[in-house]
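# A structural walkthrough
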Amino acid sequence: MLRLVSLSSGSCGNAIYIEAEHTKILIDAGTPLKYLGSQLERLAVRLDQIDAVLLTHEHSDHIRSAAALSRRFDVPVWANAATLDALPVGFMGARVRVFPVDQPFAVGDFEARAVPQLHDCQAPVGFVLRHGGKQISVATDLGAVTPSVQAALAGADILVIESNHDDEMLNRGRYPAWLKARIAGRLGHLSNLHAGRTLAETASGREQKVLLAHLSRDNNSPELALATVKRILEGCGVDSIRLGVAGRLTPSAIVTV
Ligand SMILES: [Zn+2]
Ligand SMILES: [Zn+2]
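If you're wondering where the values come from, they're calculated on a predicted model, not measured in any experiment. (Residues numbered from 1 in each chain as written. Chains lettered and ligands numbered in written order. Predicted model: local features only at pLDDT ≥ 70, side-chain atom pairs only at ≥ 80, totals over all residues. Heavy atoms only, no water.)

## Here we look at the coordination of the zinc ion (ligand 2)
In the first shell of the zinc ion (ligand 2), the protein supplies His57 (NE2), His59 (ND1), His119 (NE2) and Asp141 (OD), at 2.2 to 2.4 Å from the metal. Viewed at the metal, the four donor atoms of the zinc ion (ligand 2) are separated by angles of 90 to 173°, and the geometry they form is irregular. For the zinc ion (ligand 2), the donor residues sit on a single chain with the sequence spacing H-x1-H-x59-H-x21-D. Here the zinc ion (ligand 2) and the zinc ion (ligand 1) are spaced 3.5 Å apart, and both take Asp141 as a donor. Remark: Asp141 occurs in the loop between β10 (134-139) and α5 (147-154) and His119 occurs in the loop between β8 (110-116) and β9 (125-131); sequence separation between them is 22 residues. For the residue pair His119 and Asp141, the accessibility class agrees, reading buried in each case. (Donors = N, O, S within 2.8 Å, 3.2 Å for Na, K, Ca; no water. Tetrahedral: all angles 85-135°; square planar, octahedral: opposite > 155°, others 65-115°. Helix = DSSP H or I, 4+ residues; strand = E, 2+ residues; numbered from the N terminus. Buried < 20%, exposed > 50% of the residue type's maximum accessible area, 1.4 Å probe, protein only.)

This is the structure in structure tokens:
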């Protein structure tokens, strides 16, 4: 059985805990270390039991406690070569490992693959993790969905997808024009509409458990994200998707497959 919990999601900090029988990993470690430790404790997991932290990209909301976690608990931090080069000096002394992009590699029980994404940093990736015939796909911090991202999402049993903003709230909101353009651009973040359309296009007909993630505090709400995506899925006749939300600084439900 695979277990996934989003521990925190959004600009406040990102961390997703994923577990198979003999492997415990984090995708990103962007929350304070103390928060990470206390949330894992609720799942009966200690920080020193984490086998690997896989980084999606070098933005601070994804790496904040990764170096400290590595140094204090001897946890290896994995990233692609370009992302490693872009990490801050604070990573000196951390145990780092390089994974290839777009090729399978092993992390404990999992066969993993890093999928290139479009976002405003060095070499952002999402992940596909497979074990025991089940697949988890994670795609957050991306401004557009490329065919390879779409393919990565298509076969997933559990899916974490960015649903960052409502277009109208962003347009009418108080952000300066340059920031609005950055968020809505191809190197920014996915909107609710975009997430909904992508899910509708990649739905397999088999049950998929989905967490909408990286919601903006200012330009979205969990209710609005859920309602928008649900409306799109219903409009497309998709009824095989079970939707949930990854909260900001609150853990999600435990998703299993
Ligand atoms: Zn982010
Ligand atoms: Zn980012």
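## Some thoughts on the pattern of salt bridges
This model, assessed by the stated rule, comprises 11 salt bridges. For the salt bridge of Arg206 with Asp157, the shortest nitrogen-to-oxygen distance reads 2.9 Å. Of the two residues, Arg206 sits in the loop between α8 (192-202) and β12 (208-213) while Asp157 sits in the loop between α5 and β11 (158-162), which places them 49 residues apart along the sequence. For Arg206, a relative accessible area of 45% translates into the label partly exposed. With a closest N to O distance of 3.3 Å, Arg172 and Glu168 form a salt bridge. Residue Arg172 and its partner Glu168 are both found in helix α6 (residues 167-172); the two are separated by four residues, about one turn of the helix. For Arg172, a relative accessible area of 68% translates into the label exposed. Residues participating in the shared-partner salt-bridge network are Arg174, Arg217 and Asp218. (Salt bridge = Lys/Arg side-chain N within 4 Å of Asp/Glu carboxyl O.)

## A word on the packing of α5 against α8
The N-to-C vectors of α5 and α8 enclose an angle of 65°; their axes lie 9 Å apart at closest approach. The interaxial crossing formed by α5 with α8 has right-handed handedness. Residue-level contacts link Gln150, Leu153 and Ala154 of α5 to Thr198, Glu201 and Thr202 of α8. Its residues placed into classes, the contact of α5 with α8 shows two nonpolar, three polar and one charged. (Axes fitted to C-alpha atoms, helices over the stretch in contact; angles between N-to-C directions. Left-handed = near helix turned anticlockwise from the far one by under 90°. Contact = heavy atoms within 4.5 Å. Nonpolar A, V, L, I, M, F, W, Y, C, P; charged D, E, K, R; others polar.)

## A closer look at the environment of Leu54
Along the chain, Leu54 turns up in strand β4 (residues 52-54). Spatially, the C-alpha atoms of Leu54 and Pro76 are 8.7 Å apart, while their sequence positions differ by 22 residues. Residue contacts for Leu54: discarding those within four places in its chain leaves Ile25, Leu26, Ile27, Asp28, Trp78, Val107, Phe127 and Leu129.

## Concerning the sheet that holds strand β2 (residues 15-20)
The mixed open sheet is built from seven strands, whose spatial order is β6-β5-β4-β3-β2-β1-β14. With partners counted over all chains shown, the strands left at the sheet margins are β6 (96-98) and β14 (255-256), one partner each. Where β2 lies against strand β3 (residues 23-27), five bridges are found, and the strand directions are antiparallel. Bridging across to β3, Ala20 finds its partner in Thr23. (Pairing = 2+ DSSP bridges.)

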